[in-house]
Amino acid sequence: NAGSKGGRGALIVLEGLDRSGKSSQCARLLSFLEGKGCATEGWRFPDRETSVGKMISAYLANESQLDDRTIHLLFSANRWEKRSLMESKLLGGTTLVVDRYSYSGVAFSAAKGLDIEWCKAPEVGLLAPDLVIYLDVQPEKAAERGGYGGERYERVEFQKRVAEYYHSLRDSTWKVVDGSVPMETVEEQVRELAMNCISECKEKQLTNLSW
Ligand code: NYM
Ligand code: MG
């Protein structure tokens, strides 16, 4: 039973390359929705707080080495371990604004050379987002923003391949927003997409991700 009278919350995912502005936009959207009195939480993947998340974090920091398929499955497991909590929040009427999700999982691993269908498989059955906002920034532009934190994957050539795989994953839930324009302009568009999504999904069933 979707407890709250207002219907369920929306699962809104922001995706994009490193330094595309996702984290800033997630924070801005979150405070906007809170200001509207909308029950909202900000989530992110990888969730580095769990024990799986700590393994991922050490890998990204180059403090540990893991086989490509192994780390891929850990990223996926990190979403699976949050699935039931995610579902209960959504059914209870809370909208989740999520910084990265399965699309990051597939795009980054496929860019390393893993078979894309193999990469998609462990994501099947996770909750399907109601909206995916892709912040589109050219890899070169993102790199100019600086602040690559020295983590694995933070190299322009690699990010170009990631962008190609992201492109191949686009489906009807995706809205591509030009992330190279001023932050306030991006914010405006993100707000509008999110508000529409939240009102439209109240009546819709939660579904599972399939590709
Ligand atoms: N990443 C993130 C993956 O390779 N697979 C995944 O499933 C997810 C969620 O982790 N470069 C990569 C993308 C990023 C890195 O993410 C860390 P962030 O948003 O910088 O903490
Ligand atoms: Mg990063």
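Computed from a prediction, not measured in an experiment: that's the story for all the values here. (Residues numbered from 1 in each chain as written. Chains lettered and ligands numbered in written order. Predicted model: local features only at pLDDT ≥ 70, side-chain atom pairs only at ≥ 80, totals over all residues. Heavy atoms only, no water.)

### So, the overall build of the protein
Regarding its fold elements, the protein presents nine helices and five strands. Beginning at the N terminus, the succession of helices and strands in the protein can be written as β-α-β-α-α-α-β-α-α-β-α-α-β-α. In summary, the protein has a C-alpha radius of gyration of 17 Å against a globular reference of 17 Å for 211 residues, a match within 12%. Its C-alpha atoms give the protein principal-axis dimensions of about 50 × 35 × 30 Å. By residue count, 48% of the 211 residues in the protein fall in the buried class. The contacts in the protein between residues at least 6 apart in sequence include a share of 82% that link residues at least 24 apart. If you sum the accessible surface of the protein, you get close to 10000 Å²; carbon and sulfur atoms cover 48% of it. (Helix = DSSP H or I, 4+ residues; strand = E, 2+ residues; numbered from the N terminus. Rg over C-alpha atoms; globule rule 2.2 N^0.38 Å. Buried < 20%, exposed > 50% of the residue type's maximum accessible area, 1.4 Å probe, protein only. Contact = heavy atoms within 4.5 Å. Areas by Shrake-Rupley, 256 points an atom, 1.4 Å probe, with all protein chains shown as cover.)

### Quick word on the site of ligand 1
Near ligand 1 lie 13 residues; those nearest to it are Asp18, Arg48, Arg79, Arg100 and Gly105. Contact distances for ligand 1 include 2.9 Å between an oxygen atom and a side-chain N or O atom of Arg48. Within the side chain of Arg100, a nitrogen or oxygen atom sits 2.8 Å from an oxygen atom of ligand 1. Those elements giving two or more residues to the shell around ligand 1 turn out to be α3 (68–80) and α5 (102–110). When residues of the shell around ligand 1 are assigned to their parent elements, the largest contribution, three residues, is made by α5. (Near = heavy atom within 4 Å. Polar contact = N/O pair within 3.5 Å; in protein donor to acceptor, adjacent residues only side chain to side chain.)

### Concerning the nonpolar core
By size, the foremost hydrophobic cluster in this structure holds 38 residues, and its most contacted members are Leu11, Met86, Val98, Tyr101, Tyr103, Val162 and Tyr166. Secondary-structure elements contributing two or more residues to this core are β1 (11–15), α2 (51–60), α3, α4 (83–91), β3 (95–99), α5, β4 (131–136) and α8 (156–169). Among the elements that take part in this core, α8 stands out by supplying five residues, more than any other. When sequence neighbours within four positions are dropped, the list of residues in contact with Met86 reads Leu11, Trp43, Phe45, Leu96, Val98, Tyr101 and Leu127. Counting residues in each nonpolar core, the second largest holds 20 residues, with Ile12, Cys26, Leu29 and Cys201 among its members. (Core = buried A, V, L, I, M, F, W, Y, C linked by side-chain atoms within 4.5 Å.)

### What about the packing of aromatic side chains?
For the structure shown, the criterion picks out ten aromatic pairs. Their ring planes at 15 degrees and their centres at 5.2 Å tell us that Tyr153 and Phe158 sit as a pair that is stacked. In terms of burial, Tyr153 and Phe158 fall into one category: buried. Here Arg152 stacks its cationic end above the ring of Tyr59, 3.7 Å away from the centre of that ring. (Phe/Tyr/Trp six-rings, centres within 6.5 Å; stacked < 30°, edge-to-face > 60°. Lys NZ or Arg CZ within 6 Å of the ring centre and 35° of its normal.)

### Section: the packing of α2 against α3
Packed helices, taken two at a time, are described by their axes: the angle between them and the distance between them. Following both chains from N to C, one finds α2 and α3 inclined at 135 degrees, their axes separated by 9 Å at the closest point. The angle between α2 and α3 places the two elements in the oblique class. Two packed elements cross with a definite hand, and for α2 against α3 that hand is left-handed. Facing Val52, Gly53, Met55, Ile56, Tyr59 and Leu60 of α2, the residues of α3 in contact are Asp68, Ile71, Leu74, Phe75 and Asn78. Its residues placed into classes, the contact of α2 with α3 shows eight nonpolar, two polar and one charged. (Axes fitted to C-alpha atoms, helices over the stretch in contact; angles between N-to-C directions. Parallel < 35°, antiparallel > 145°, perpendicular 65-115°, else oblique. Left-handed = near helix turned anticlockwise from the far one by under 90°. Nonpolar A, V, L, I, M, F, W, Y, C, P; charged D, E, K, R; others polar.)

### As for α2
When α2 is considered as a whole, its buried residues turn out to be Val52, Gly53, Ile56, Ala58, Tyr59 and Leu60. Along its buried surface, α2 packs onto α3. Once α2 finishes, Asn62 follows within two positions and takes phi at roughly 65 degrees, a positive value.

### Thoughts on the sheet that holds strand β2 (residues 40–44)
Spatially, the five strands line up as an open sheet ordered β2-β3-β1-β4-β5, and their pairing is parallel. At either end of the open sheet lies a strand with only one pairing partner, and these are β2 and β5 (174–178). Adjacent strand axes in the sheet meet at a mean angle of 20 degrees when their direction is disregarded. Sheet topology places β1 next to β3; four bridges connect them, and they run parallel. (Pairing = 2+ DSSP bridges.)

Purely geometric numbers; function is a separate question.
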